[in-house]
Amino acid sequence: ELGWISKVHVNQPAVLRHAERIQTRRTVKSNWQAAWLLKAVTCMDLTTLSGDDTPSNVHRMCYKAKHPIREDLLKAMDMHDKGITVAAVCVYPARVTDAVNALKAAGCNIPVASVAAGFPSGQMPLQTRLDEIKLAVGYGAREIDIVINRTLVLTGQWEDLYEEICQCREACGDAHMKTILSTGELGSLANIYKASMIAMMAGSDFIKTSTGKEVENATLPVGVVMMRAVRDFYWQTGNKVGFKPAGGIRMAKDAITWLMLVKEELGVEWLKPELFRLGASSLLEDIEKQIFHHVTGNYPVYHDLPMA
């Protein structure tokens, strides 16, 4: 529906004011804070996307995915029997088999997500990107985080972008597809809204802010624009598409801010792993520190959280 795209206008000053208002709110405290942080854990894609990834550090991450918070801390909050794990683990295609085997050995059903389609730049021939998606699915990935070709956005080739994402959707098969927009490289909030709409029209299960490799990653103004697109798409079609901010989310207070924004813009029904994810590699460490402080009244020393 190119008619939707041609009529897009984003009131940037209003978006910036709204995002600033969210940031300046008083944060939640005590038991409420602990509850929000545990909710954030269950919506987290625990991620390692480093050039020095090995089977051993992927195995370690998968163990942490099953046991994100120390068992004694959960018992102190009477949450030890609630099955709290992260939503997924995210790795490069070459490490998918390692992650699948580690999670199977741990006896849990946490899905493995794989970045693909020329991550992080998207500057590969389309056929190469499609082959990479199929390989990752073949290795056992149940979720695929693709990147779009930013050139098509910057030059306004919306139909070509739609066709490319449709082909990626087909290559994913039964796997869930999260479409990374790389918002820091799209030039304007209007382009971000348009790219969000195209990605959803093409069958994306999630739209995602960033790869984590850009200079500018997930920001609240971008989140507002993308969530408004998700809401508009839902009103137009009745289809609920998930939202995933990723990149630069390192502090527990940031996770709570994102949860609050999702609750305000999309509603409580989006606050579940099926429709909201947090992409993070170091966020879990700070969340566990805050949970430790909530239970004990003290902040942990280094050896208290050795798996963080």
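Quick note: structure is the one above.
Residues numbered from 1 in each chain as written. Predicted model: local features only at pLDDT ≥ 70, side-chain atom pairs only at ≥ 80, totals over all residues. Heavy atoms only, no water.

Visitor: Describe the overall build of the protein, and please don't skip the residues or the numbers.
Guide: Across its full length, the protein holds 13 helices and 8 strands. A compact globule built from 308 residues would reach a C-alpha radius of gyration of about 19 Å, and the protein, at 19 Å, matches this within 12%. Dimensions of the protein along its principal axes, counting C-alpha atoms only, are 55 × 45 × 35 Å. The buried share of the protein, reckoned over its 308 residues, is 52%. Sequence-distant contacts in the protein: of pairs separated by 6 or more residues, those separated by 24 or more amount to 77%. When the 34 basic and 34 acidic side-chain charges of the protein are each reduced to a single mean position, those positions are 5 Å apart. (Helix = DSSP H or I, 4+ residues; strand = E, 2+ residues; numbered from the N terminus. Rg over C-alpha atoms; globule rule 2.2 N^0.38 Å. Buried < 20%, exposed > 50% of the residue type's maximum accessible area, 1.4 Å probe, protein only. Contact = heavy atoms within 4.5 Å. Lys, Arg positive; Asp, Glu negative; His and termini not counted. Charge placed at Lys NZ, Arg CZ, Asp CG, Glu CD.)

Visitor: With reference to specific residues and values, describe the pattern of salt bridges.
Guide: According to the stated counting rule, one finds 19 salt bridges in the structure shown. Between lysine 208 and aspartate 145 there is a salt bridge, with its nearest N and O atoms 2.9 Å apart. Of the two residues, lysine 208 is situated in strand S6 (residues 206-208) and aspartate 145 in strand S4 (residues 143-147); the sequence distance between them amounts to 63 residues. The exposure classification of lysine 208 matches that of aspartate 145, with both residues buried. (Salt bridge = Lys/Arg side-chain N within 4 Å of Asp/Glu carboxyl O.)

Visitor: Describe the pairing of strand S1 (residues 44-47), and please don't skip the residues or the numbers.
Guide: Burial along S1 is two-sided: Met44 and Leu46 facing one way and Asp45 and Thr47 facing the other are all buried. Inspection of the sheet shows S1 paired to strand S8 (residues 278-280) by 3 bridges, in the parallel sense. The partner of leucine 46 across the bridge, within S8, is alanine 280. Summarising the sheet, S1 and strand S2 (residues 88-91) pair through 3 bridges and their orientation is parallel. Looking at the pairing, threonine 47 lines up with cysteine 90 of S2. (Pairing = 2+ DSSP bridges.)

Visitor: Provide a residue-level description of unusual backbone geometry, including the pertinent values.
Guide: Geometrically, the link from phenylalanine 119 to proline 120 is a cis peptide bond, its omega value of 0 degrees lying close to zero. With respect to the element layout, proline 120 can be found in the loop between strand S3 (112-116) and helix H7 (126-139). Phi at aspartate 78 takes a positive value of approximately 55 degrees, unusual for a residue other than glycine. Mapped onto the secondary structure, aspartate 78 falls in the loop between helix H5 (71-76) and S2. Unusually for a residue other than glycine, serine 182 sits at a positive phi of about 50 degrees. The residue serine 182 is located in the loop between strand S5 (176-180) and helix H10 (189-201) in this model. Looking at serine 182, the relative accessible area reads 0%, which means it is buried.

Visitor: Which residues make up the nonpolar core, and what are the values?
Guide: Across soluble globular proteins, nonpolar side chains have a tendency to be buried as a group. Judged by nonpolar contacts, the single largest core of 100 residues is most densely connected at Ile69, Val89, Ile133, Ile144, Trp258, Ile287 and Ile291. Those residues in contact with isoleucine 133 that lie beyond four places of it in its chain are Ala116, Ala117, Ile144, Ile146, Cys168, Ala171 and Cys172. With 7 residues, the next largest nonpolar core counts Cys90, Ala113, Val115 and Phe119 among its residues. (Core = buried A, V, L, I, M, F, W, Y, C linked by side-chain atoms within 4.5 Å.)

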